[in-house]
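Tertiary structure, described
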Amino acid sequence: MIELQHLTKRFATKGGTVVALNDINLTIRDGDIYGIIGMSGAGKSTLVRCINMLERPDEGSVSVDGRRMETLSAGELRAARRDITMIFQQFNLLMQRTCLRNIMFPMELAKVPKEKAEARARELLELVGLPDKAEAYPAQLSGGQKQRIAIARALATDPKVLLCDEATSALDPNTTHAILQLIQKINRELGITVVVITHQMSVVEEICNRVAILDEGTVVEEGDVQAIFSHPTSAAAKRLVYPAGAPKAESLPGHKLVRVAFNGTQTTDKPLVASLAIQCGALVSILAADTRIVNGQTLGSMLLALPDDENAAKAIDYIKNYPGITYEEVNG
Ligand SMILES: Nc1ncnc2c1ncn2[C@@H]1O[C@H](COP(=O)(O)OP(=O)(O)OP(=O)(O)O)[C@@H](O)[C@H]1O
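Quantities reported herein were computed from a predicted structural model and do not represent experimental measurements.

1. Regarding the site of the ligand
All residues in the neighbourhood of the ligand are listed as F11, T13, V18, A20, M39, S40, G41, A42, G43, K44, S45 and T46. In the environment of the ligand, an oxygen atom lies 3.1 Å from a nitrogen or oxygen atom belonging to the backbone of A42. Between T46 and the ligand, the recorded distance is 2.5 Å, taken from a side-chain N or O atom to an oxygen atom. Burial of the ligand by the surrounding chains reaches 61%, relative to a free accessible area of 630 Å².

2. Quick notes on the sheet that holds strand β6 (residues 84-88)
Strands belonging to one sheet form pairs held by backbone hydrogen bonds; the direction of such a pair is parallel or antiparallel. Taken together, the 6 strands give an open sheet; going across it, the order is β6-β7-β8-β3-β9-β10, and neighbouring strands pair in mixed fashion. If you trace the sheet from one side to the other, it starts and ends with β6 and β10 (218-224), each paired once. Direction aside, the axes of adjacent strands within the sheet are offset by 15° on average. Sheet strands touched by helix α1 (residues 44-51): β3 (33-38), β6, β7 (161-165), β8 (193-198) and β9 (210-215). Its angle to β8, the strand with the most contacts, is close to 155°. Contacting β6 and β7, helix α5 (residues 143-155) runs over the sheet at an angle of about 170° to β6.

3. Side note on the nonpolar core
Counting residues in each nonpolar core, the largest one holds 54 residues, and the members touching the most others are I87, I103, I149, I151, I183 and F229. Counting residues per element, this core draws most heavily on α5, which supplies 6 residues. Apart from the residues within four sequence positions on either side, I149 is in contact with L93, C99, N102, I103, L125, L130 and L141. Counting residues in hydrophobic clusters, the runner-up holds 29 residues, among them L21, L47, M86 and V161.

4. Quick notes on helix α6 (residues 173-190)
Over its 18 residues, α6 runs 25 Å from end to end, which matches the ideal 26 Å to within 8%, given 1.5 Å per residue. Those residues of α6 lying buried are T176, I179, L180, L182, I183, Q184, I186 and N187. Between a side-chain oxygen at the N-terminus of α6 and the backbone nitrogen of N174 the separation is 3.0 Å; the capping residue is D172. Of the residues flanking the end of α6, it is G191, one or two places downstream, whose phi is positive at about 70°.

5. Digging into the sheet that holds strand β4 (residues 59-64)
Reading across from one edge, β2-β1-β4-β5 is the order of the 4 strands in this open sheet, with antiparallel pairing throughout. The open sheet has two edge strands with one neighbour each: β2 (16-28) and β5 (67-68). Sheet topology places strand β1 (residues 2-13) next to β4; 5 bridges connect them, and they run antiparallel. Looking across to β4, one finds that L4 is bridged to V62.

What counts and how
Residues numbered from 1 in each chain as written. Predicted model: local features only at pLDDT ≥ 70, side-chain atom pairs only at ≥ 80, totals over all residues. Heavy atoms only, no water. Near = heavy atom within 4 Å. Polar contact = N/O pair within 3.5 Å; in protein donor to acceptor, adjacent residues only side chain to side chain. Areas by Shrake-Rupley, 256 points an atom, 1.4 Å probe, with all protein chains shown as cover. Pairing = 2+ DSSP bridges. Helix = DSSP H or I, 4+ residues; strand = E, 2+ residues; numbered from the N terminus. Axes fitted to C-alpha atoms, helices over the stretch in contact; angles between N-to-C directions. Contact = heavy atoms within 4.5 Å. Core = buried A, V, L, I, M, F, W, Y, C linked by side-chain atoms within 4.5 Å. Buried < 20%, exposed > 50% of the residue type's maximum accessible area, 1.4 Å probe, protein only. Expected span 1.5 Å × (residues − 1).

Spelled out as structure tokens, the structure:
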């Protein structure tokens, strides 16, 4: 378990002090794929770099499995970083080493005997799907292949935690998907806790179970991905969930406006709008909809116009009792 308590990090710059992180409190549980999302400059990289003490917090504590990271000596920290490894947007491979020797590198530092290190590196090449690239140099690989090698290298010391700092931001959508699948496989099969820093909602949607939304160095929302994405409350979360703007209510004469948010338990075989027409005789119009499927479940919200007639009360009752939906009447 990773626990951040009252974490604050400031940078002194020519223009004055920048508060990159301001009193962050977060708990990342074992086995989570935990997303940390925010706009550029929100403090994501600083946060993740504080977890392995690449940045030293000014205040607060970071504990990983009960071990207080900020209290460790340089030697202890080097050892701890074998348990908490990291991958980056730019891969950071050693260009003059082959892929095999890149993967062996952390094991060399940890004084693992060469034969054992090579055998493990070959296993990891298999795991990331590139057994034939052992003797290739990074310059001969595509971006996705480089990231696979970087992942293999990050796994070489059998870590408990993998920190991913914008690991797919330099990749095209198909390659991003493949790398996210690999990260998910590593989480599931090796039981490694993953922390994913990203500015892309789609990354969080695809693999994370929990998420923290960071805005100007503060956590503005935190929790279950489906709960947050179905009902964003902070301005920063709304900006991320509805990049084109939240569905706005404009009054429609003779209608009640109703916003419904799907919390992820809704199944697609029982469509709400059709059910309202059939069960309640309510001919509802969809004014706006921003729904998505996350992990096979419906999330997002719809703005509905409900004719204000004799069926309205029955329809509202029906919506309120509909599984997996949050109901809100809005004024135009
Ligand atoms: N070494 C540093 N010196 C001075 N200021 C810094 C330093 N590192 C980060 N900052 C500042 O701290 C704030 C948070 O930066 P950080 O890189 O953590 O944000 P981010 O959310 O990762 O952004 P991006 O998505 O653009 O990488 C920014 O205002 C940044 O300018």
